[in-house]
Amino acid sequence: MSQVKANDTVKVHYTGKLTDGQVFDSSVERGEPIEFTMGQGQLIPGFEKGLIDMKVNEKKTINIPKEEAYGEPREELIQEVQKSQLPEEIKPEVGMGLVSKSPDGQEMNLVVRDVKEDTIVVDGNHPLAGKDLVFDLEVVEIK
């Protein structure tokens, strides 16, 4: 029976949780496994590493330290922005998601961390940065 190895295309069902058990994402809930090719950097390193040598229909739970997930939050991705730079129709609130476009057209997802008199503080870190993750995995298919 074949096992997952580098460059394989695999279909995987997963449930991603924080170490306290809170689920943040699940292909099982959506009913469709994810399909991707190993080694192309589409997924966090710890996820792919956990799949190596798994067989079809095998299930396991892996713990991914933050270093192999989304890393530590980076201070340079937290910035204070003048409210006057926002489109008029946006009324910023803590926890609100915003999208910023750089001059070269690249989009960055931001979360409002603080709302002050004339400015807001936005955070461009991935919401799971700084967190250790737990994934329940099931290999559905190896192509």
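In what follows, the structure referred to is the one given above.
In what follows, the accompanying structure is described.

## Remarks on the layout of surface pockets
There is about 320 Å³ of room inside the largest pocket. Around the largest pocket sit 19 residues that line it, and Val81, Ser100, Lys101, Leu110 and Val122 are the ones nearest its centre. Looking at the lining of the largest pocket, the elements with two or more residues in it are β5 (78-82), β6 (97-101), β7 (107-115) and β8 (119-123). Looking at which element gives the most residues to the lining of the largest pocket, the answer is β6, with 4 residues. The residue makeup of the lining of the largest pocket, split by class, is 11 nonpolar, 5 polar and 3 charged.

## Digging into the packing of aromatic side chains
All told, the structure shown has 5 aromatic pairs when counted by the stated rule. Here phenylalanine 36 and phenylalanine 47 contribute two aromatic rings whose centre-to-centre distance is 6.2 Å and whose plane-to-plane angle is 65°, an arrangement assigned as edge-to-face. Of this pair, phenylalanine 36 sits in strand β3 (residues 34-37) while phenylalanine 47 sits in helix α2 (residues 45-51); the two residues are 11 residues apart in sequence, bridging distant segments of the chain. Both residues of the pair, phenylalanine 36 and phenylalanine 47, count as buried. Seen in terms of ring centroids, phenylalanine 47 and phenylalanine 135 are 5.0 Å apart; in terms of plane orientation they differ by 90°. Their pairing is edge-to-face. One end of the pair, phenylalanine 47, is in helix α2; the other, phenylalanine 135, is in strand β9 (residues 133-142), and 88 residues separate them in sequence. Taking relative accessible area as the criterion, phenylalanine 47 reaches 3% and is therefore assigned buried. Its relative accessible area of 6% is what places phenylalanine 135 among the buried residues.

Quick notes on the rules
- Residues numbered from 1 in each chain as written.
- Predicted model: local features only at pLDDT ≥ 70, side-chain atom pairs only at ≥ 80, totals over all residues.
- Heavy atoms only, no water.
- 1 Å grid on protein atoms, 1.4 Å probe; cavity = no way out; pocket = protein on both sides within 12 Å on 5 of 7 lines; lining within 4 Å.
- Points joined across faces, edges and corners; volume = space filled by probe spheres on them.
- Helix = DSSP H or I, 4+ residues; strand = E, 2+ residues; numbered from the N terminus.
- Nonpolar A, V, L, I, M, F, W, Y, C, P; charged D, E, K, R; others polar.
- Phe/Tyr/Trp six-rings, centres within 6.5 Å; stacked < 30°, edge-to-face > 60°.
- Buried < 20%, exposed > 50% of the residue type's maximum accessible area, 1.4 Å probe, protein only.

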